[in-house]
Structure formats: C-alpha cells, structure tokens
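# Observations on chain architecture
Listed below, chain by chain, are the residues.
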Amino acid sequence: AAGVIQSPRHLIKEKRETATLKCYPIPRHDTVYWYQQGPGQDPQFLISFYEKMQSDKGSIPDRFSAQQFSDYHSELNMSSLELGDSALYFCASSFKGGLARNEQFFGPGTRLTVL
Amino acid sequence: GENVEQHPSTLSVQEGDSAVIKCTYSDSASNYFPWYKQELGKRPQLIIDIRSNVGEKKDQRIAVTLNKTAKHFSLHITETQPEDSAVYFCAAIGTDSWGKLQFGAGTQVVVTP
C-alpha cells in the first residue's frame, strides 16, 4: 500500500539559510499534519491542513510557513534557520471522511541538521 | 488544550514477560487514543488505537484498555520479544483541535533475551 512520502530525507543547512520540506500524503487522504521531533522527545504538532486550508496551528515559529497544494501535497518552508531547528520533521496524513477518520499515518521524516 | 502524561519513561522486561504502559489525559471529551511504536531514527508507526465508545481492544499480543471515568488508558504487550524493543508513545486528540495528536513523553521499552 502507498505510504506518506517525504523529501528530502536528509538536509544539512547553515544558520540563517532557508529550507523547504515536502510531503506527499497517502492517496485520497485529505488532511496533512506536520510534526517536529527533537532528540529524545515526543513529536510536537506544528500545523495542519484540511482540503488545502489551514485547519490548526501549534507551536510553529513565525519563521516557518506551510501550505497544501491542489494535488494535496504540502510544503513546510523554514527561513532564518537556527541551530535549535535541527530535528526530525514528520508529515502525517489522514482521511477525514471515513470511519477511521482519526488515524494518522506518518511519513519517514526529514532529518534537518543546521550547522 | 489536551495534556497527556505517560509512565514509565523506561521499561525493561525479560523476553516472554508482559509490558504495561499507562497514560492519563486531561480533556474528558477526548475520543480517540492511538499508540505508536518508534524505532530509533524511524517514523512513528500506529500499532493500535481505541475510541471512547470502547473499553478494550486487542490485536494479537497487543491490547489497549480505556477508563473514561479515570481518564486513563493503557497498552499491554504480552509474550514480549526482542523486536518489541522501541519507544512507545500514547496520544490523544483533544476536542479543541482538528485532529492534531498530543503525545505522551514516550516509554523506552527494552526486551532482554
């Protein structure tokens, strides 16, 4: 079965640079979530989109922005990168319209390292 | 918003024994409680979930119980195997959210042969 796809899998950036992370949800899934996971921590919710509209917002810095496109893929844009942004970034997707509407499936993640 | 607490933070068990992880949540109206297994550097993997209209759910060696009155839910793994070693996260979805997961802090489970 198709799973959530994320690219790139690894990314190394310098401080103050920008980064763009991409997420392709499971086909027919209409909701995308972004999570940030630091070493030894639980995933922290950043932002979500339902049917291409922002649906919820968590602890996402103002330096970050995201959107969902007409083909349902999503991009997380990160500017003025700081050392503390180094983390695993996961995208998850779900389908709101079905009986299993809460089930979220995670992508493999993007490991961002800021030097 | 929803707040989830998870205990213990680490759990060492002998192969073949059972493991139990407990979580409590704060939003009494929360209605969905998944459990994720995460191996080092890999994605969280949904292993079982339970909804608020069910008290218990079982899938082979894994079971989850929910006590809505006490606002806690537990993961039970029986006949543990070395491949069960991982970090396990409980989570809940609060009613003030559009499905975002509020995770517990995680439990590092180590199964020794």
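Fair warning: this is a prediction, and the values are worked out from it, not measured in the lab. (Residues numbered from 1 in each chain as written. Chains lettered and ligands numbered in written order. Predicted model: local features only at pLDDT ≥ 70, side-chain atom pairs only at ≥ 80, totals over all residues. Heavy atoms only, no water.)

### Re the state of the cysteines
Linking two cysteines covalently through their sulfur atoms gives a disulfide. The following threshold applies: A pair of cysteine sulfur atoms is labelled a disulfide when the two atoms are within 2.5 Å. Per the convention used, a helix needs a DSSP run of H or I reaching at least four residues, while a strand needs a run of E reaching at least two, with both numbered from the N terminus. When a residue's accessible area, from a 1.4 Å probe over protein chains only, is under 20% of the maximum for its type it is buried; when over 50% it is exposed; and in between it is partly exposed.
The full count for this structure, using the stated rule, is two disulfides over all chains. Shown here is the disulfide that connects Cys23 of chain A with Cys91 of chain A, its sulfur atoms set 1.8 Å apart. Its torsion about the S-S bond being -55 degrees, the disulfide of Cys23 of chain A and Cys91 of chain A is classed as left-handed. Of this pair, Cys23 of chain A sits in strand E3 (residues 19-24) while Cys91 of chain A sits in strand E9 (residues 87-94), and the two are 68 residues apart along the sequence. A relative accessible area of 0% means that Cys23 of chain A is categorised as buried. The buried category is assigned to Cys91 of chain A, whose relative accessible area is 0%. Sulfur-sulfur distance for the disulfide between Cys23 of chain B and Cys90 of chain B comes to 1.9 Å. Across the S-S bond of Cys23 of chain B and Cys90 of chain B the torsion is about -100 degrees, and the bridge reads as left-handed. On the criterion of sequence distance, the pair formed by Cys23 of chain B in strand E3 (residues 19-25) and Cys90 of chain B in strand E9 (residues 86-92) is long-range, its members being 67 residues apart.

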